[in-house]
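# Structural overview for review
These are the residues of each chain, in order.
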Amino acid sequence: MKFFIDTADVAEIRELAATGLVDGITTNPSLVAKTGRDFLEVVAEICDIVPGPVSAEVTATDHETMLTEGRKLAAIASNVAVKVPLTPDGLKTCKVLSDAGTEVNVTLCFSAAQALLAAKAGATYISPFVGRLDDIGIDGLELISEIVEIYDAYASIDTQVLVASVRGPLHVIEAAKMGAHVATIPPGVLKAMFNHPLTDKGLNAFLADWAKTGQSIL
Ligand code: G3P
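Description of the structure in this document. These numbers were taken from a predicted model, which means no experiment stands behind them.

So, about the site of the ligand. Near the ligand, the surroundings consist of Asp-6, Asn-28, Leu-31, Lys-83, Phe-129, Arg-132, Ala-164, Ser-165 and Arg-167. A distance of 2.5 Å is found between an oxygen atom of the ligand and a side-chain nitrogen or oxygen belonging to Asp-6. One of the side-chain nitrogen or oxygen atoms of Arg-132 is found 2.7 Å away from an oxygen atom of the ligand. For the ligand, whose unbound accessible area comes to 310 Å², protein coverage reaches 79%. Residue composition of the shell around the ligand, by class: three nonpolar, two polar and four charged.

The following block contains the structure:
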């Protein structure tokens, strides 16, 4: 499973990229707005920090303008993946951009029917929002399972399932069990995945016993 980080916060990205565990970044207009910074500058800076795919989302809703915006975003760096919403105009734009060789991340997916359309439109990634489905009492992980099942049935579909709207480590683990290709993980959730009280307890015990030996490796 590839781990993307779901943030436009450059400081968080630098910190987590240093772990060597970050395969890409996803942003969206809300995450960019939170930074208070210029969108195009933030995307360019992120693309310099992380060599993997960096999703940057168009903000237009009509095909022609989406296409112009998408081409401008794709021109920022070779690792930009253009994000478009799962609407008729968004998928029309996805088709044109993907046919031209641009990676496209189709976002705001909430049904298997939408995911099937995105695959037909040549999406590189489909982003089902598991957390927002959970928020309204619908099992978001069930959607992941459905999409993986459908995509796996066709060798012609190479769209990657990119699990989004992740609310905690369990979303990542359960999606991984289902064979989802990517999870885009908020920084706090990734940090939480490192933690286990028995790891801390065990390490403290090892170090206390080592200290008693009076030895040093260096
Ligand atoms: O990548 C989409 C993600 O940022 C949405 O997450 O928590 O706003 O549903 P959330």
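Another aspect to go through is the pairing of strand S5 (residues 104-109). In summary, the side chains of a regular strand alternate between the two faces of the sheet. Of all six residues in S5, five are buried, a share of seventy percent or more. Where strand S4 (residues 80-85) meets S5, four bridges bridge the pair, whose relative direction is parallel. Pairing of Val-82 across the sheet is with Val-104, part of S5. For the handedness criterion, the β-α-β arrangement of S4, helix H5 (residues 88-99) and S5 is classed as right-handed. Of the crossover connections in this fold, the one passing from S5 over helix H6 (residues 112-120) to the parallel strand S6 (residues 125-128) is right-handed.

With that out of the way, let us pick up the packing of helix H4 (residues 63-74) against H5. Each pair of packed helices gets described by two things: the angle between the helix axes and the distance between those axes. For the pair H4 and H5, the least separation of the axes is 9 Å and the interaxial angle reads 45°. Considering the angle they form, H4 stands oblique to H5. In terms of crossing hand, the pair formed by H4 and H5 is right-handed. Here H4 contributes His-63, Met-66, Leu-67, Gly-70 and Arg-71 to the contact with H5, which in turn contributes Asp-89, Gly-90, Lys-92, Thr-93, Val-96 and Leu-97.

Applying the stated criterion across every chain yields a total of eight salt bridges. Close ionic contact of Arg-37 with Glu-45 constitutes a salt bridge, the shortest N to O distance being 2.6 Å. We note a salt bridge from Arg-167 to Asp-135, for which the minimum N-O separation is 2.5 Å. With a gap of 32 residues between them, Arg-167 in the loop between strand S7 (160-163) and helix H9 (169-178) and Asp-135 in helix H7 (residues 130-135) connect regions that are remote in the sequence. Judged by its relative accessible area of 46%, Arg-167 is partly exposed. With a relative accessible area of 52%, Asp-135 lands in the exposed category. Through salt bridges that share partners, Glu-12, Glu-15 and Lys-191 make up one connected network.

Here is what the cut-offs are and how they apply
- Per-chain numbering applies: the sequence of each chain, read as written, is numbered from 1 onward.
- Only residues with pLDDT of 70 or above have their local features reported here, since the model is predicted, and side-chain atom pairs are shown and tallied only from 80 upward, although totals for entire chains, interfaces and linings are computed over all residues.
- Water and hydrogen atoms were dropped before computing side-chain values, which therefore reflect all heavy atoms in the structure.
- Being near a molecule or strand, for a residue, means having at least one of its heavy atoms within 4 Å of it.
- Any N or O atom pair separated by 3.5 Å or less is treated as a polar contact, with the protein-specific requirement of one donor-capable and one acceptor-capable atom, and with residues adjacent in sequence counted only for side-chain atom pairs.
- Residue exposure ignores everything except the shown protein chains as possible cover, and the areas themselves are Shrake-Rupley values with a 1.4 Å probe.
- Residues are grouped as follows: Ala, Val, Leu, Ile, Met, Phe, Trp, Tyr, Cys and Pro are nonpolar; Asp, Glu, Lys and Arg are charged; every other residue, Gly included, is polar.
- Think of it in three bands: with a 1.4 Å probe and only protein chains considered, a residue is buried below 20% of the maximum accessible area for its type, exposed above 50%, and partly exposed in between.
- Each helix corresponds to a stretch of at least 4 residues labelled H or I by DSSP, and each strand to a stretch of at least 2 residues labelled E; elements are numbered beginning at the N terminus.
- Whether two strands pair comes down to DSSP finding at least two bridges between them.
- With the strands pointing away from the viewer, any crossover whose connection runs clockwise from the first strand over the helix to the second is right-handed.
- Note on definitions: angles span 0 to 180 degrees between N-to-C directions of axes, and those axes are lines fitted to C-alpha atoms, for helices only across the stretch in contact.
- If an angle is under 35 degrees, it is roughly parallel; if it is over 145, roughly antiparallel; if it lies from 65 to 115, roughly perpendicular; otherwise it is oblique.
- A crossing counts as left-handed when the near helix is turned anticlockwise from the far one by less than a right angle, and as right-handed when that turn is clockwise.
- By definition, residues are in contact when any of their heavy atoms lie within 4.5 Å.
- Take a side-chain nitrogen of Lys or Arg and a carboxyl oxygen of Asp or Glu: if they are within 4 Å of each other, that pair is a salt bridge.

Geometry only, nothing functional implied.
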